[in-house]
Amino acid sequence: MASRSITISSTTFRQYFLQSYSYFAQPTYWRADYGYRGDWQPRSVDLLVERKRWEGQSAEAIIEAVMERRNVVLEMVMDL
């Protein structure tokens, strides 16, 4: 069951998704100039999921769940 509790609590962190960091890269805004001069290029993204729940599942099944459901990923680790 999905939970919306993270979106109603002001003490939690901002939600991020697989493509969230693309907005910190220059190619995303190549036609616009919002004054942003940073350029984060993700080299890798590791999605950590609950082992007990997903053990034995294919990577494709896990990614499909990540894209279609909430609360599948416990932690996202990015190498920028």
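Residues numbered from 1 in each chain as written. Predicted model: local features only at pLDDT ≥ 70, side-chain atom pairs only at ≥ 80, totals over all residues. Heavy atoms only, no water.

J.: Please explain the overall build of the protein chain as it appears in this structure.
T.: Assigned secondary structure in the protein chain consists of three helices and two strands. Mapped in sequence order, the helices and strands of the protein chain form the string α-β-α-α-β. Buried residues in the protein chain amount to 11% of all 80 residues. In the protein chain, of all internal contacts separated by at least 6 residues, the share reaching a separation of at least 24 is 54%. Within the structure as shown, the protein chain displays about 7100 Å² of accessible surface, and the carbon and sulfur contribution to it stands at 51%. (Helix = DSSP H or I, 4+ residues; strand = E, 2+ residues; numbered from the N terminus. Buried < 20%, exposed > 50% of the residue type's maximum accessible area, 1.4 Å probe, protein only. Contact = heavy atoms within 4.5 Å. Areas by Shrake-Rupley, 256 points an atom, 1.4 Å probe, with all protein chains shown as cover.)

J.: It is not clear to me how a nonpolar patch on the surface should be interpreted in this structure. Could you clarify?
T.: Taken together, the side chains of Tyr-36, Trp-40 and Leu-80 make up a nonpolar region of the molecular surface, amounting to roughly 270 Å² of accessible area. For Leu-80, the position within the fold is in the segment after strand S2 (73-79). (Patch = residues over 30% accessible without salt bridge, like charges linked within 9 Å, V, L, I, M, F, W, Y side chains within 5 Å. Salt bridge = Lys/Arg side-chain N within 4 Å of Asp/Glu carboxyl O.)

J.: Explain the nonpolar core to me, please; I cannot follow it from the model alone.
T.: Soluble globular proteins: nonpolar side chains tend toward being buried together. In this structure, Trp-54, Ile-62, Ala-65, Val-66 and Val-72 together form the largest nonpolar core, which totals five residues. Ranked by residue count, the leading element in this core is helix H3 (residues 59-68), at three residues. When residues no more than four places from it in sequence are discounted, the contact partners of Ala-65 are Trp-54 and Val-72. (Core = buried A, V, L, I, M, F, W, Y, C linked by side-chain atoms within 4.5 Å.)

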